[in-house]
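# Working through the structure, step by step
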Amino acid sequence: MLFGKKKPKEPRHIPTHIAIVMDGNGRWAKKRGLPRQAGHKVGAEAFRTIANYAKSIGLKYLTVYAFSTENWKRSEEEVSAIMELLEKYLREAIRDMDKNQVRFYFFGDLSRLSPELQEEAKTAMERSKKYAGVQVNFCLNYGGRAEMVRAARQFARDCLEGKCKPEDLTEERFSDLMYSAGVPDPELVIRPGGEMRTSNFLLWQSAYAEYYFTDVLWPQFGPKELDEAIDAYNKRNRRFGGAK
Ligand code: FPP
């Protein structure tokens, strides 16, 4: 008898690819009278928790904005603190790779990073290729516009070399020239920290993404907040430009 029984909850759909702007570290620290770097440190831990949680719920791709092409404008002290955190993170990730089974990938122009960080990124990427769990794409020295300009230049070079003609350019071909070649577009882009803008993040790839904004600051963003974002996504009616 169904009477009095709760209707079973519909299983929720986990997107294949979620992208996150990890915003609010500085404000989190300021509120506590701490230096901004302290916020980034807790932010890196928040990322670790989210990456493990993402794997446990079966997410295939998680892309995070760790350092933008604009972030170089910050104080030297803050930039080096973020770089040190990234290095530490990657060193530990390489050490714990077999346990965590996370695949690492990087979007962005890594050539401006320190040789050590470049080396760690390369090692993390090469050694983790074999894992089947979630793929984490770190956006480092990344900007959506710069990514498109880079793709356009590459296509122009290919044309000049006689490999293709301008008419050969399609959306698919252009996608293949992005850092994200081979990675499906994100269905959900999450921005904690209260700001409602894209900040040059995955401009090409997010054409049809659902955006989710929350006031929670990134250091306080945990599995519960990710679940809330996924639940909100599940309630959206994705039409891709089609009729209702
Ligand atoms: C934005 O917060 C955050 C960044 C520019 C850096 C993100 C970096 C980390 C989370 C640390 C390194 C990451 C890993 C995964 C090891 P904000 O500083 O702009 O915050 P605010 O808007 O409150 O000032």
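Described in the following lines is the structure provided in the data block. (Residues numbered from 1 in each chain as written. Predicted model: local features only at pLDDT ≥ 70, side-chain atom pairs only at ≥ 80, totals over all residues. Heavy atoms only, no water.)

## Here's the deal with the overall build of the protein chain
Basically, it comes down to this: The helix count covers DSSP runs of H or I at least four residues long, the strand count covers runs of E at least two residues long, and both are numbered beginning at the N terminus. To get the radius of gyration, use the C-alpha atoms; to get the globule rule, take the number of residues to the power 0.38 and multiply by 2.2 Å. The cut-offs for exposure are 20% and 50% of the maximum accessible area for each residue type, with area from a 1.4 Å probe on protein chains only; residues under the lower value are buried, those over the upper are exposed, and the others partly exposed. Only heavy atoms enter the contact rule, under which two residues are in contact if any of them lie within 4.5 Å. Only the protein chains shown count as cover for residues, and all accessible areas are computed by the Shrake-Rupley method using a 1.4 Å probe. Here the positive residues are Lys and Arg and the negative ones are Asp and Glu; neither His nor the chain ends is included. Where a charge lies is defined by one atom per residue type, namely NZ (Lys), CZ (Arg), CG (Asp) and CD (Glu).
Of regular secondary structure, the protein chain possesses eight helices and six strands. What you see in the protein chain, going N to C, is helices and strands ordered as β-α-α-β-α-α-β-α-β-α-α-β-β-α. Here the C-alpha atoms of the protein chain give a radius of gyration of 19 Å, agreeing with the 18 Å that 2.2 N^0.38 yields for 244 residues. Judged by the C-alpha coordinates and their principal axes, the protein chain covers about 70 × 50 × 35 Å. For the protein chain, the residues scored as buried account for 46% of the 244 residues in total. Looking at the protein chain alone, contacts between residues at least 24 apart form 77% of all its contacts between residues at least 6 apart. Carbon and sulfur atoms make up 52% of the accessible area of the protein chain, which totals about 13,800 Å². The averaged location of the 34 negative side-chain charges in the protein chain is 5 Å from the averaged location of its 41 positive side-chain charges.

## Some remarks on the site of the ligand
The cut-off we apply is this: Being near a molecule or strand, for a residue, comes down to having at least one heavy atom within 4 Å of it. In the analysis that follows, any N or O atom pair within 3.5 Å is treated as a polar contact, provided that within protein one partner can donate a hydrogen and the other can accept it, and provided that, for residues neighboring in sequence, both atoms belong to side chains.
Taken together, 18 residues surround the ligand, and among them D23, G26, R27, R36 and R74 come closest. The separation between an oxygen atom of the ligand and a polar side-chain atom of D23 is 3.0 Å. At a separation of 2.8 Å, an oxygen atom of the ligand approaches a polar side-chain atom of R36. For the ligand, the accessible surface in isolation is 620 Å², of which the surrounding protein chains cover 93%. Among the elements of the structure, α1 (25–31), α2 (36–56) and α3 (76–95) are those that each provide at least two residues to the shell around the ligand. No other element matches α2, which puts five residues into the shell around the ligand.

## Notes on the pairing of strand β5 (residues 188–191)
Basically, it comes down to this: For two strands to count as paired, DSSP must find a minimum of two bridges between them.
Side-chain alternation along β5 places L188 and I190 on one buried face and V189 and R191 on a second face that is also buried. Both strand β1 (residues 17–21) and β5 contribute to a ladder of three bridges, which runs parallel. The residue of β5 that forms the bridge with I18 is L188. In this structure, β5 lies alongside strand β6 (residues 210–213), joined through four bridges in parallel fashion. Looking across to β6, one finds that V189 is bridged to Y211.

## Overview of unusual backbone geometry
The phi torsion at Q101 lies on the positive side, around 55 degrees, for a residue other than glycine. Using a relative accessible area of 33% as the deciding quantity, one classes Q101 as partly exposed. We note that N200 has phi near 65 degrees; this positive angle belongs to a residue other than glycine. For N200, the position within the fold is in the loop between β5 and β6. Overall, N200 belongs to the buried group, its relative accessible area being 15%.

## Concerning the packing of aromatic side chains
Spelled out, the test is: Centre distance within 6.5 Å is the pairing criterion for rings of Phe, Tyr and Trp, where only the six-membered ring of Trp is used; planes under 30 degrees apart are then read as stacked, over 60 as edge-to-face, and the remainder as tilted. Only when the NZ of Lys or the CZ of Arg is both within 6 Å of the ring centre and within 35 degrees of the ring normal is a charge said to sit over the ring.
Per the counting criterion, the structure on display carries 13 aromatic pairs. Plain terms: the ring middles of F174 and W204 are 4.9 Å apart, the flat faces sit at 80 degrees to each other, and that makes the pair edge-to-face. Taken together, the positions of F174 in helix α7 (residues 171–175) and W204 in the loop between β5 and β6 put the pair 30 residues apart, joining distant regions of the chain. Overall, F174 belongs to the buried group, its relative accessible area being 13%. Clustering of aromatic rings is evident, with ring pairs tying together F47, Y89, F104, F106 and F138. Directly above the ring of W72 sits R112, whose terminal nitrogen or CZ lies 4.1 Å from the centroid.

## So, the pattern of salt bridges
Opposite charge on two side chains allows them to pair when their charged atoms are near. Going by this rule: Any Lys or Arg side-chain nitrogen located within 4 Å of an Asp or Glu carboxyl oxygen qualifies as a salt bridge.
What the rule picks out here adds up to 17 salt bridges. Salt-bridge contacts for D231 lead to R12; the nearest nitrogen and oxygen are separated by 3.9 Å. Of the two residues, D231 sits in helix α8 (residues 223–235) while R12 sits in the segment before β1, which places them 219 residues apart along the sequence. By relative accessible area, D231 is classed as partly exposed at 31%. Linking D96 and R95 is a salt bridge whose minimum nitrogen-to-oxygen distance equals 3.0 Å.

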